[in-house]
Amino acid sequence: MRGLLRSVWNEPRPPDPPRRVWRDWALVGVLLPVAVLEGALRTDLPWRAVAMAVTIGLIPTLLWRRTRPLLVVTIVFSATTLAPLLTGGVRVETNTMAFLLIVVYALFRWGSGREAVLGLATMVVAVGISALWYDLVPGDAFAAFAVMSSGVGLAVALRYRARARMREFDQVKLLEREQLARDLHDTVAHHVSAMAIRAQAGLATSASHPDAATDALRVIEAEASRTLAEMRAMVRVLRRSEPAELAPGRQIADLAQLAGRAEAGLSVDVRILGDLDDVPPSVGAAIYRIAQESVTNARRHARHASRIEVSVAADDASVRLRVSDDGDNSSNRPISSAGYGLMGMIERAGLLGGTCEAGPNPGRGWTVTAELPRAGASR
């Protein structure tokens, strides 16, 4: 039990809570005139001036409910508890004060563990004072606790659902990094093998053909530079301590295997433009993996599609990939906030210093674009 309490107390805030956005200003902008209208039209509102002043004064605190949840809860519940001192013990109640439920929800959704505990204690004390010193009957106190409990339960459920989804995204990123690490391992192994062969040839011919030995040293120098670049890229990759798979890595030339006519008559056309001979294997493998995942997603989700186009173009600075289909945009297609496949593509492109985006076309279809530096992220 002590360990559970300690874990709750030490619970950190969820990462990257949303700052004030237009929806927050819109919420405040709606509640303020609603409060004014209630004060003007409601005939049974006691101590109208005090009630309106408290309500209108507390509404702007909603702007800080995510970034300062404990402070907002303390201000709101302290104000509503102390306001009856100005009204002779009559509680200040307006229908607009229902926004208190939003404040309670924000505390348990975006606050840390200790903030949630302290905020809960503040709310319990506030309701307890109202029950003991003011005209709050036990039935109303129970109803208040029930309403607060509903807000707390919803916030906790969404908080831990978001955490579970974040863990799944982290797992996708980790798997993609491991795959990239394996591809880089294959690349480095290839360069080292080439250096070893050249070194042996240089030693064998150094006595009779000094020029051949010099040429071998030049090749070894070039291969060593490439290997160093790939090793620097590998250092950027976070992976678990598992043995690397030594299967040959895919390259841009392997995209031709995606072409053809698949199930339900869906055809895949592949076009490769530009000089791609000296593209680093890590970049080539990333282009292939992103294209492969994009084609797989199109086959799964492109409703009423008949064609998938895959094009790769390269210049001196970058390699660009575009995968598009002519499916129906009204179908439910995964975007960056959802599909795990796209999350892996974005992660792989980012590790190499590139970008990857996906979205619907203006007319029909869906397009995935990726652009990677031709030299990779190592330079």
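Computed from a prediction, not measured in an experiment: that's the story for all the values here.

S.K.: Please explain the overall build of the protein as it appears in this structure.
M.R.: The number of helices and strands found in the protein is ten helices and six strands. Across the 379 residues in the protein, those meeting the buried criterion constitute 40%. Considering only contacts within the protein whose residues lie at least 6 apart along the sequence, 75% involve residues at least 24 apart. Only carbon and sulfur atoms are counted for the fraction: they give 61% of the accessible area of the protein, which is about 20800 Å².

S.K.: Would you mind showing me how to read the UniProt feature "transmembrane region" (unreviewed entry) in the protein here?
M.R.: In the numbering used here, UniProt assigns the "transmembrane region" (unreviewed entry) feature to residues 21–41, 47–63, 70–88, 94–110, 117–136 and 142–160. Its end C-alpha atoms 31 Å apart, residues 21–41 is made of 95% helix and 0% strand. Span residues 47–63 is 65% helix and 0% strand, its end C-alpha atoms 27 Å apart.

S.K.: Any chance you could explain unusual backbone geometry here in plain terms?
M.R.: Where the residue is not glycine, phi is negative for most of them; where a peptide bond is considered, it is trans in most cases. Positive phi, normally seen in glycine, also occurs at Trp-47, with a value near 45°. Note that Trp-47 resides in the loop between helix 2 (22–41) and helix 3 (48–58). A relative accessible area of 45% means that Trp-47 is categorised as partly exposed. One non-glycine residue, His-304, lies in positive phi territory at about 65°. Within the fold, His-304 resides in the loop between helix 9 (281–301) and strand 3 (307–314).

S.K.: Hey, could you run me through the pattern of salt bridges in this one?
M.R.: Between side chains of opposite charge, a pair can form as their charged atoms come close. The full count for this structure, using the stated rule, is eleven salt bridges. Its salt-bridge partner being Arg-65, residue Asp-24 comes within 2.9 Å of it at the nearest N-O pair. Separated by 41 residues along the polypeptide, Asp-24 in helix 2 and Arg-65 in the loop between helix 3 and helix 4 (69–82) bring together distant segments of the chain. Of the residues examined, Asp-24 reaches a relative accessible area of 2% and is grouped as buried. The class of Arg-65 is buried, set by a relative accessible area of 10%. With its nearest N and O atoms 2.7 Å apart, the salt bridge here joins Asp-24 to Arg-66. Of the two residues, Asp-24 is situated in helix 2 and Arg-66 in the loop between helix 3 and helix 4; the sequence distance between them amounts to 42 residues. Neither Asp-24 nor Arg-66 differs from the other in exposure class; each is buried. Connected through shared salt-bridge partners, Glu-11, Arg-159 and Arg-163 make up one network.

S.K.: What exactly am I supposed to notice about a nonpolar patch on the surface here?
M.R.: The grouping of Leu-4, Val-8, Trp-9, Val-117 and Leu-118 at the surface amounts to a nonpolar patch, some 410 Å² of accessible area in total. Counting residues per element, the ones that place at least two in the nonpolar patch are helix 1 (2–9) and helix 6 (113–133). By residue number, the principal contributor to the nonpolar patch is helix 1, which donates three residues. Inspection of the secondary structure assignment puts Leu-4 in helix 1.

S.K.: Before we go on, may I ask you to explain the side chain of Arg-66 in this structure?
M.R.: Judged by its relative accessible area of 13%, Arg-66 is buried. In this structure the side chain of Arg-66 is engaged in a polar contact, spanning 2.7 Å, whose partner is the side chain of Asp-24. Non-local contacts of Arg-66, meaning those with residues more than four positions away in its chain, are made with Arg-13, Pro-18, Arg-19, Asp-24 and Trp-110.

S.K.: Explain the environment of Leu-266 here, please?
M.R.: If you trace the backbone, Leu-266 turns up in the loop between strand 1 (260–261) and strand 2 (267–273). For Leu-266, a relative accessible area of 7% puts it in the buried group. Separated by 36 residues in the primary sequence, Leu-266 and Ala-302 have C-alpha atoms spaced 9.9 Å apart.

S.K.: What should I look at first to understand the packing of helix 5 (residues 100–110) against helix 6 in this one?
M.R.: Helix-helix packing is described using two parameters, namely the angle between the two axes and the distance between the axes. Packing of helix 5 against helix 6 leaves a shortest axis separation of 8 Å and a crossing angle of 155°. By the criterion of interaxial angle, the relationship of helix 5 to helix 6 is roughly antiparallel. Crossing geometry of helix 5 relative to helix 6 is assigned as left-handed. Contact residues: Val-104, Leu-107 and Phe-108 in helix 5; Glu-115, Ala-116, Gly-119, Leu-120 and Met-123 in helix 6. The class makeup of the residues in the contact of helix 5 with helix 6 is six nonpolar, one polar and one charged.

S.K.: I'm lost on the packing of aromatic side chains in this one. Help?
M.R.: To describe a pair of aromatic rings, you give the distance between the ring centres and the angle between the ring planes. Overall, the coordinates contain zero aromatic pairs when judged by the stated rule. Above the ring of Trp-110, the side-chain terminus of Arg-109 is found at 4.0 Å from the ring centroid.

S.K.: Mind showing me how you'd approach helix 6 here?
M.R.: The periodicity of an α-helix, 3.6 residues per turn, causes residues three or four places apart in sequence to face the same way. Across its 21 residues, helix 6 extends 30 Å between first and last C-alpha, which sits within 8% of the 30 Å expected from 1.5 Å per residue. Taken as a whole, helix 6 has its buried residues at Gly-113, Glu-115, Ala-116, Gly-119, Met-123, Ala-126, Val-127 and Ser-130. Buried residues of helix 6 fall within an arc of 155° about the axis and therefore sit on the same side. With respect to the buried face of helix 6, the exposed residues turned more than 90 degrees away are Leu-132 and Trp-133.

S.K.: Got a minute to help me understand the environment of Ser-282 in this structure?
M.R.: Along the polypeptide, Ser-282 turns up in helix 9. A relative accessible area of 3% places Ser-282 in the buried class. Through-space distance from the C-alpha of Ser-282 to that of Gln-251 is 8.4 Å; in sequence the pair is 31 residues apart.

S.K.: Which parts of the structure should I look at to understand the pairing of strand 2?
M.R.: A regular strand places its side chains on the two faces of the sheet in alternate fashion. Two elements, strand 2 and strand 3, share seven bridges in a ladder whose sense is parallel. Bridge pairing in strand 3 links Val-270 to Val-310. A crossover links strand 2 with its parallel partner strand 3, the connecting element being helix 9, and its sense is left-handed.

Rules of the game
Residues numbered from 1 in each chain as written. Predicted model: local features only at pLDDT ≥ 70, side-chain atom pairs only at ≥ 80, totals over all residues. Heavy atoms only, no water. Helix = DSSP H or I, 4+ residues; strand = E, 2+ residues; numbered from the N terminus. Buried < 20%, exposed > 50% of the residue type's maximum accessible area, 1.4 Å probe, protein only. Contact = heavy atoms within 4.5 Å. Areas by Shrake-Rupley, 256 points an atom, 1.4 Å probe, with all protein chains shown as cover. UniProt positions renumbered as here; feature names shortened; annotations may be inferred. Salt bridge = Lys/Arg side-chain N within 4 Å of Asp/Glu carboxyl O. Patch = residues over 30% accessible without salt bridge, like charges linked within 9 Å, V, L, I, M, F, W, Y side chains within 5 Å. Polar contact = N/O pair within 3.5 Å; in protein donor to acceptor, adjacent residues only side chain to side chain. Axes fitted to C-alpha atoms, helices over the stretch in contact; angles between N-to-C directions. Parallel < 35°, antiparallel > 145°, perpendicular 65-115°, else oblique. Left-handed = near helix turned anticlockwise from the far one by under 90°. Nonpolar A, V, L, I, M, F, W, Y, C, P; charged D, E, K, R; others polar. Phe/Tyr/Trp six-rings, centres within 6.5 Å; stacked < 30°, edge-to-face > 60°. Lys NZ or Arg CZ within 6 Å of the ring centre and 35° of its normal. Expected span 1.5 Å × (residues − 1). Arc of directions from axis to C-beta. Pairing = 2+ DSSP bridges. Right-handed = clockwise from strand over helix to strand, strands pointing away.

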